[in-house]
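Below are the chains, spelled out letter by letter.
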Amino acid sequence: MKNILIAGGLPQDCLQLMDQHFNLFRMDQADDKDAFLAKHATEIDGVSGGAIGAELMDKLPNLKIIANFGVGYDNIDVAAAKARNIIVTNTPNRLNAAVAELTLGLMIALARRIPKNHEMVRNGHWPSVKRAPLTGQLAGAKLGILGLGRIGKAIAKRAEACDMDISYFGRTDQHNLYRYFDDLTQMASHVNWLVIIAPGGAETDKLVNADVIDALGPEGFLVNIARGSIVDEAALIAALEQGKLGGAALDVFENEPHVPDTLRNLPNVVLSPHAGSATHVTRQQMGAQVVDNLIAYFDTGQPLDPVT
Ligand code: NAP
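Here the structure is a predicted model, which means the values were calculated and not measured.

K.L.:
How should the UniProt feature "domain: D-isomer specific 2-hydroxyacid dehydrogenase NAD-binding" (unreviewed entry) in the protein chain be read in this particular structure?
P.N.:
Under the local residue numbering, the UniProt record ascribes the feature "domain: D-isomer specific 2-hydroxyacid dehydrogenase NAD-binding" (unreviewed entry) to residues 104-276. The distance separating the terminal C-alpha atoms of residues 104-276 is 11 Å; by composition the span is 35% helix and 16% strand.

K.L.:
Explain the site of the ligand here, please?
P.N.:
Neighbouring the ligand are 26 residues; Ile151, Arg171, Thr172, Ile225 and Asp251 lie closest to it. Within the side chain of Glu203, an N or O atom sits 3.2 Å from a nitrogen atom of the ligand. At 3.4 Å, a side-chain N or O of Arg227 approaches an oxygen atom of the ligand. Protein burial of the ligand: of its 930 Å² of free accessible surface, 87% is covered by the chains.

K.L.:
Can you help me understand the nonpolar core in this one?
P.N.:
Core analysis: the biggest nonpolar cluster contains 78 residues, and Met18, Trp193 and Val208 have the highest contact counts within it. Taken domain by domain, the makeup of this core includes at least three residues from each of domain 1 (3-94 + 280-300) and domain 2 (96-271). Excluding anything up to four places from it in sequence, Val208 contacts Leu146, Leu184, Leu194, Ile196, Ile213, Leu222, Ile230, Val231 and Asp232. Ranked by size, the runner-up nonpolar core spans 22 residues in total, among them Ala7, Ala30, Phe36 and Ile52.

K.L.:
Would you explain the domain arrangement of the protein chain in this entry?
P.N.:
Split into domains, the protein chain comes out as domain 1 (3-94 + 280-300) and domain 2 (96-271). Between the C-alpha centres of domain 1 and domain 2 there is a distance of 33 Å. Taken together, the contact pairs 7 residues of domain 1 with 7 residues of domain 2. Taking both sides of the interface into account, the surface hidden between domain 1 and domain 2 amounts to around 540 Å²; carbon and sulfur atoms contribute 42%. If you sort the residues of domain 1 by the area they bury against domain 2, Val71, Asp74 and Asn93 come out on top, with a joint share of 68%. The tally of links between domain 1 and domain 2 comes to 1 salt bridge. A salt bridge links Asp74 to Arg227; its shortest N-O distance comes to 3.1 Å. Grouping the amino acids of the side of domain 1 that touches domain 2 by side-chain chemistry returns 2 nonpolar, 3 polar and 2 charged.

Reading guide: rules and limits
Residues numbered from 1 in each chain as written. Predicted model: local features only at pLDDT ≥ 70, side-chain atom pairs only at ≥ 80, totals over all residues. Heavy atoms only, no water. UniProt positions renumbered as here; feature names shortened; annotations may be inferred. Helix = DSSP H or I, 4+ residues; strand = E, 2+ residues; numbered from the N terminus. Near = heavy atom within 4 Å. Polar contact = N/O pair within 3.5 Å; in protein donor to acceptor, adjacent residues only side chain to side chain. Areas by Shrake-Rupley, 256 points an atom, 1.4 Å probe, with all protein chains shown as cover. Core = buried A, V, L, I, M, F, W, Y, C linked by side-chain atoms within 4.5 Å. Buried < 20%, exposed > 50% of the residue type's maximum accessible area, 1.4 Å probe, protein only. Domains from an automatic or database assignment. Contact = heavy atoms within 4.5 Å. Buried area = accessible area lost by both parts, 1.4 Å probe. Salt bridge = Lys/Arg side-chain N within 4 Å of Asp/Glu carboxyl O. Nonpolar A, V, L, I, M, F, W, Y, C, P; charged D, E, K, R; others polar.

Spelled out as C-alpha cells, the structure:
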C-alpha cells in the first residue's frame, strides 16, 4: 500500500475511503509536526489536505502526487510541484451545480431582500411596516460573469432560467451564446450584476478594483463566489459605505474566516461562510474524487484530474 500524508483538514468520509486504499499518516493530528515529518518523510508517496508549499515538498523526497480537495488550487504551489515533477490533482465538475445554486440563491436573497425581510417578520415589525418594501428583481437584469468556466456556465444556465441577459469576461472569447467583453471595466459598466467565478492566485489578484466597482455603480450588485483575493475588499467596502455600489453578496473574503466589522454591519450585503460546495452530496463526491485520483495515479501513472 502507498503512504499518504494528511497535511490538513479533510472530511471524515474522504478519510475513511482513503484509509481503505492507503496507509494514512495523520500529520494534521500531530502535536509536533516537525518531529512527525522527520520520522516519516521518506515513506510518503502522496499528500492531501490543506495548503502545500515548496517547503513541505522539499521535506518529502519521495513525494509523487498532491491530491487537492477542491477545484481551486491556489492553496498549492503548483509551480514548485511542477519543478519537482510532482503531480497535482483537483476536483473539477462535481461541485458545479452546488456552487451555481448558491450563487443564484445569494443573488435572489440580495435582490429580493430575503434576509432583511426575514428579520422584519421574525422581530415582529411587519405590523408596523405593513407592506414589504419594494425591491429589484433578477428577471430582465443584465448579468456579467467574470470567468465563464465550468461553474460560470452552470451559473449562466440558471441565470437564463431567471430571464437574465448574460455577458462574460475572460481571457478568451468562447464564441458562444453570450456576449463577450475583453475588458472587465467595460463589462461592469454594461451590467447590473457582476458575478466573480474565476480562479484565485497572482494573475487575478484584486482584478476587481475600485475602477471596476465604480463602473458597476450605485444600482449595481457584486457577487463573489470565487476567491476573496480577486476583489479589492477595502475598495468594495468603501463603495458600499458611500453608496457607490448598490450591494454585494459574498461567499469568500480576503482574510476568511475573519470578515471586517464594517462589512458585517453594512445593510446592503448578504454574507455566506465559504459555503459554495458545502452540500452533503457534493462534498462526499469531492472526497471520492480525491481518492479516485490517487488510486488512478498509483495504478496507471495517470490521475483523472491533473492540474495543467
Ligand atoms: P474553470 O473551469 O477553470 O473556469 C475558470 C474561468 O476563469 C475560465 O472561464 C477562465 O477563462 C477564467 N479565467 C482564468 N484566469 C483568468 C484571468 N487571469 N482573468 C480572467 N479570467 C480568467 O474553473 P471552475 O471550475 O469554474 O472554478 C472557478 C473557481 O471557483 C475556482 O478556481 C475556485 O477558486 C472557485 N470556487 C469557489 C467555491 C466556493 O466554495 N465559493 C467552490 C468551487 C470553486 P479564460 O481562460 O478564458 O480566461
